[in-house]
Amino acid sequence: MKSYTLKSIGKNTDYMTIVREMEDGFVVKIVRDMDGYEDVKTDYISKELFDSCLRTGYLTEIKEKVAVNA
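Summary of the structure given here. Every value quoted in this text rests on a predicted model; they were computed, and no experiment measured them.

## Quick look at the environment of Cys53
Reasoning step 1: Residue placement: Cys53 occurs in helix α1 (residues 47-56).
Reasoning step 2: Here the alpha-carbon distance between Cys53 and Lys7, two residues 46 residues apart in the chain, equals 9.6 Å.
Reasoning step 3: Those residues in contact with Cys53 that lie beyond four places of it in its chain are Tyr58 and Leu59.

As structure tokens, this is what we get:
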């Protein structure tokens, strides 16, 4: 499952994770930081809207971090 940050105002760390891919879109889990508590919603987004959000920078893929022990 890939995760994406959502462009937001201020220091919010809102993100979206793809839960399931469908023929014409995605089922996603959206997590928003609401002043200390998380607002979690599951929703549907069409592939057209998803692609548009990537192109405009509203969504940015979160790259996995690899821990390295020294």
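Let us keep going from here.
## So, the pairing of strand β3 (residues 25-34)
Reasoning step 1: Summarising the sheet, strand β2 (residues 15-21) and β3 pair through six bridges and their orientation is antiparallel. Within β3, the position partnered with Glu21 by the bridge is Phe26.
Reasoning step 2: Hairpin connection between β2 and β3: a loop of three residues separates the two successive antiparallel strands.
Reasoning step 3: Hairpin connection, β3 to strand β4 (residues 37-46): the antiparallel pair is bridged by two residues, and Asp35 has positive phi, about 55 degrees.

## A few points about the nonpolar core
Reasoning step 1: Tyr4, Leu6, Met16, Ile18, Phe26, Val28, Ile30, Ile45, Phe50, Cys53 and Leu59 together form the largest nonpolar core, which totals 11 residues.
Reasoning step 2: For this core, the secondary structure elements donating two or more residues are β1 (3-6), β2, β3 and α1.
Reasoning step 3: Per-element accounting of this core gives the leading share, three residues, to β3.
Reasoning step 4: Setting aside anything within four residues of it in sequence, one finds Phe50 in contact with Tyr4, Met16, Ile18, Phe26, Ile45 and Leu59.

## With respect to the pattern of salt bridges
Reasoning step 1: The tally for this structure, following the rule as stated, stands at four salt bridges.
Reasoning step 2: Measuring nitrogen to oxygen at the nearest pair gives 3.0 Å for the salt bridge that ties Asp14 to Arg32. Taken as a pair, Asp14 in the loop between β1 and β2 and Arg32 in strand β3 lie far apart in primary sequence, 18 residues in all.
Reasoning step 3: With relative accessibility at 28%, the residue Arg32 sits in the partly exposed group.
Reasoning step 4: Between Glu61 and Lys63 there is a salt bridge, with the nearest N and O atoms lying 3.8 Å from each other.
Reasoning step 5: Classification of Glu61 as partly exposed rests on a relative accessible area of 30%.

## Side note on the side chain of Asp14
Reasoning step 1: Residue class for Asp14 comes out buried when judged on its relative accessible area of 3%.
Reasoning step 2: A distance of 3.0 Å separates a polar atom in the side chain of Asp14 from a polar atom in the side chain of Arg32.
Reasoning step 3: Of note is the side chain of Asp14, whose polar atom sits 2.9 Å from the backbone nitrogen of Asp33.
Reasoning step 4: When near neighbours in sequence (up to four residues on either side) are disregarded, Asp14 contacts Tyr4, Thr5, Leu6, Ser8, Val31, Arg32 and Asp33.

Conventions we followed
- Residues numbered from 1 in each chain as written.
- Predicted model: local features only at pLDDT ≥ 70, side-chain atom pairs only at ≥ 80, totals over all residues.
- Heavy atoms only, no water.
- Helix = DSSP H or I, 4+ residues; strand = E, 2+ residues; numbered from the N terminus.
- Contact = heavy atoms within 4.5 Å.
- Pairing = 2+ DSSP bridges.
- Core = buried A, V, L, I, M, F, W, Y, C linked by side-chain atoms within 4.5 Å.
- Buried < 20%, exposed > 50% of the residue type's maximum accessible area, 1.4 Å probe, protein only.
- Salt bridge = Lys/Arg side-chain N within 4 Å of Asp/Glu carboxyl O.
- Polar contact = N/O pair within 3.5 Å; in protein donor to acceptor, adjacent residues only side chain to side chain.

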